[in-house]
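Residue-level structural notes
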Amino acid sequence: MKTAIIIQREYLSRVKKRSFIITTLLLPLLFIVFMVGTSYLATKSTREKNVVVVDQSGLVKDKLKSTNSVKYSYSDLSVEQLKEQLYADSFTALVYMPKFDLDKPQTFEIFSNENLGTEVASNLRNQVNELVRAERIRLAGIDEDKYKSASADMVSFQYIVGKEEKKGNTDLATVIGMASGFLLYIFMLLYGASVMTSVMEEKTNRIAEIIVSSVKPFQLMMGKIVGVALVGLTQVALWVLFLVIVGMVAMPFISGMQVDPEQAKALSEQAMAGGNNEAMQLVTTFMQTGTLEGVNLITTFCWFIFYFLGGYFLYAALFAAVGSLVNEGQQDAQQFSTIITLPIIFSIIIMSTAIKDPNSGLAVFGSIFPLTSPIVMMARIPFGVPTFQLLMSVLCLAGGFVLTTLLAAKIYRTGILMYGKKITMKEVGKWIIRKN
Amino acid sequence: MQDQVLLSVQHLKKAYGAHKAVDDISFDIKKGSIFGLLGPNGAGKSTLLRMITGIFHPDSGTISLEGQPFDGLKHTDLIGYMPEERGLYKKMKVGEHILYLAKLKGLDKQTATEKAKYWVERLQMSTWWNKKVEDLSKGMSQKLQFVATVIHEPKLLILDEPFSGLDPVNANVIKEEIFRLAQQGTTIIFSTHRMEQVEEICNQIVLVNLGKKLLDGTVDGVKQQFKEHIFTVSTTDVVKQLPDYVKIIESNEYSVRFQTADPDAPNRVLTQLIAQGNHIHSFHEHLPSLNDIFIRLVGTSPTARPFSAA
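Cut-offs applied
- Residues numbered from 1 in each chain as written.
- Chains lettered and ligands numbered in written order.
- Predicted model: local features only at pLDDT ≥ 70, side-chain atom pairs only at ≥ 80, totals over all residues.
- Core = buried A, V, L, I, M, F, W, Y, C linked by C-beta atoms within 7 Å.
- Buried ≥ 20, exposed ≤ 12 C-beta atoms within 10 Å, placed from the backbone.
- Helix = DSSP H or I, 4+ residues; strand = E, 2+ residues; numbered from the N terminus.
- Contact = placed C-beta atoms within 7 Å.
- Pairing = 2+ DSSP bridges.
- Axes fitted to C-alpha atoms, helices over the stretch in contact; angles between N-to-C directions.
- Parallel < 35°, antiparallel > 145°, perpendicular 65-115°, else oblique.
- Left-handed = near helix turned anticlockwise from the far one by under 90°.
- Nonpolar A, V, L, I, M, F, W, Y, C, P; charged D, E, K, R; others polar.

**Observations regarding the nonpolar core**
Judged by nonpolar contacts, the single largest core of 136 residues is most densely connected at Ile225(A), Ala316(A), Ala320(A), Ile98(B) and Ile158(B). A total of 16 residues in this core trace back to one element, the largest contributor, which is helix α11 (residues 297-325) of chain A. Residue contacts for Ile158(B): discarding those within four places in its chain leaves Leu49(B), Ile52(B), Thr53(B), Ile79(B), Gly80(B), Tyr81(B), Met82(B) and Ile189(B). Counting residues in hydrophobic clusters, the runner-up holds 12 residues, among them Val51(A), Val70(A), Leu94(A) and Leu124(A).

**Examining the sheet that holds strand β5 (residues 68-69) of chain B**
Residues and elements named next belong to chain B. Reading across from one edge, β2-β1-β4-β5 is the order of the 4 strands in this open sheet, with antiparallel pairing throughout. Because the sheet does not close on itself, it has two edges, and the strands there are β2 (19-30) and β5. Where strand β4 (residues 60-65) lies against β5, 2 bridges are found, and the strand directions are antiparallel. Directly across from leucine 65, in β5, lies its bridge partner glutamine 68.

**What about the pairing of strand β3 (residues 93-97) of chain A?**
Residues and elements named next belong to chain A. Pairing between strand β1 (residues 49-55) and β3: 5 bridges, direction parallel. Among the inter-strand pairings, aspartate 55 is bridged to a residue of β3, identified as methionine 97. Note: β3 against strand β4 (residues 109-112), 4 bridges, orientation antiparallel. Its bridge partner being in β4, valine 95 is matched across the sheet by isoleucine 110.

**A few points about the packing of helix α13 (residues 361-368) of chain A against helix α14 (residues 373-380) of chain A**
Residues and elements named next belong to chain A. Interhelical geometry of α13 versus α14 gives an angle of 125° and a closest axis separation of 6 Å. With respect to each other, α13 and α14 are oriented oblique. For the pair α13 and α14, the sense of crossing is left-handed. Counting all contacts with α13, which are made through Ala363, Gly366, Ser367 and Ile368, the residues of α14 involved are Ser373, Val376, Met377 and Arg380. The class makeup of the residues in the contact of α13 with α14 is 4 nonpolar, 3 polar and 1 charged.

**Quick word on unusual backbone geometry**
The backbone phi angle of Asp24(B) is positive, close to 60°, even though this residue is not glycine. You can see Asp24(B) is positioned in strand β2.

Here's what the structure looks like:
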């Protein structure tokens, strides 16, 4: 009952804050801006490279396609003259291609003022090799169109997983796994730190002793942890709502294209219309079964909430304990909280291995060990995880959560009323062992 | 005043590692009395109070409230505790804060609101209701803390240095409230190292130092116990001579201060002075102040250790 009063205060005092509304709205926007921004910058920030080609082979002249960042032009001037222009910075690079034997491997030189990285060389290699191939085919007397249709990629591979023979989609699973792992990482640090600073505030404000004369320290600690958890859930719920609304707004556009194939054809890109049909099919299957390309989004979301809560509770208790150890200064806080954040950072490292090979030993261990399991298991779930491992992971996380909470409660109870002196790890150890 | 015991503390012990913060302390507090818990900083007062409020568990010994063994769940709502180091949530509003603390003491929303309004009015704080706590002066937050401590009408009110930081006017307001509550039957534990306040307020005192109880009794009783049988007699004429069985400490033309262990001596001195034809102007015994007793008992011991839980 009293814990409920504390939860209520912790929840309302956070949700009512202007900063809560701002972060809730801003974070997804920031995320989108970040994603779009980086990809935009990645294409835009590359400098335009002007490559002058001296083609004596007659093979490539006027046939190289310029890209956004690599522009080709041709010159009949002597290489010496062009080199002088190059060193005077008139263009970026100079390629000299003499007549050469099509049947022998060749290496051509690219002259430049600075090291240009892989872009120019690989672009040239691809295009010139393609031209050489076309020329060889022409010389062999094969029809070019026939060759094209004969050499088109026809074969791809599909994972079929387990006895149920479910279609596995590695790309989507990777994206969802990575995204949920990172989200958990951010949430655990964000909300954990929120619990920590709040405990620190109560301690340094000296309100703690007044409160614990009415309720048990454990109630105060749990009230705070649960209150912040509810704030987190509220935030996630608002984001899901945000997503749904965006989806609802976007839906008519997708189905609009579907209903009107004329219009789709008018776009003349057959592939794109095909893409839309595929997209529509995906949406329909998703609506019916909650599954997207073999990844069950609904189940994944439920697991996400479970690992979010489990991981958060596990770490929040530890963060609360750390908060209670701090005396005035922020430095103590940093020192202690580093110890807690380390396993969270390790989780991210293990997660990247887990995504490459979801069933490797490290991935399996990481997804069962409670300090790393929230992030690592979350990254594996979209790939499908054996039930036994899931069960182990759930049990270990629940056990770990109970253990850290009991541990934290012991530290918190004493720490929150300790003023004036620096607390050593040795003392903390004594508090944990002590019965009363 | 009833003679019923409200709080009984028996052989209470609490150690932090090798450091004995409270070392076998026992006392009883009568219902409706104002009980002074005295001691220098670090004597173990805070630890003692934290055990009585249920914040700490004693290592051994018993605490009973109204004859029943102390039970945190049942009894915390009967106690109002204002610790020495006290703070508030800075971002909350005054009214909100009072209600929150009242609800934590088990009051429902409606009762809490009624009581809060009553106390806020009583201490002339009505205009602060919607102010943020961070905008209050130190004295104002002290008053707010006092209200939050008494709002649930505790049977046992524990005030640790309640006047620190208060100006004389507000200190007086709080003092009057303490007296009024005591008259209404609230038992009050008043912890301090300011002796003049204790003499003024308390009926009963306990003096602790280095975790041990040094002294227990009523203010008058303690003074009697520590009196040094020093008397001053002043006369309208020059004092000619005193009997040689008293020890003269100080004398001037019209008054003499003397010490004697003989209970009959004062009477005999007076008789002799009167017989000598002196006109007695005044005659009184010097009782030591609590401050003197405090310094005499504590001053000689090694300085009190700062509170630590190592």
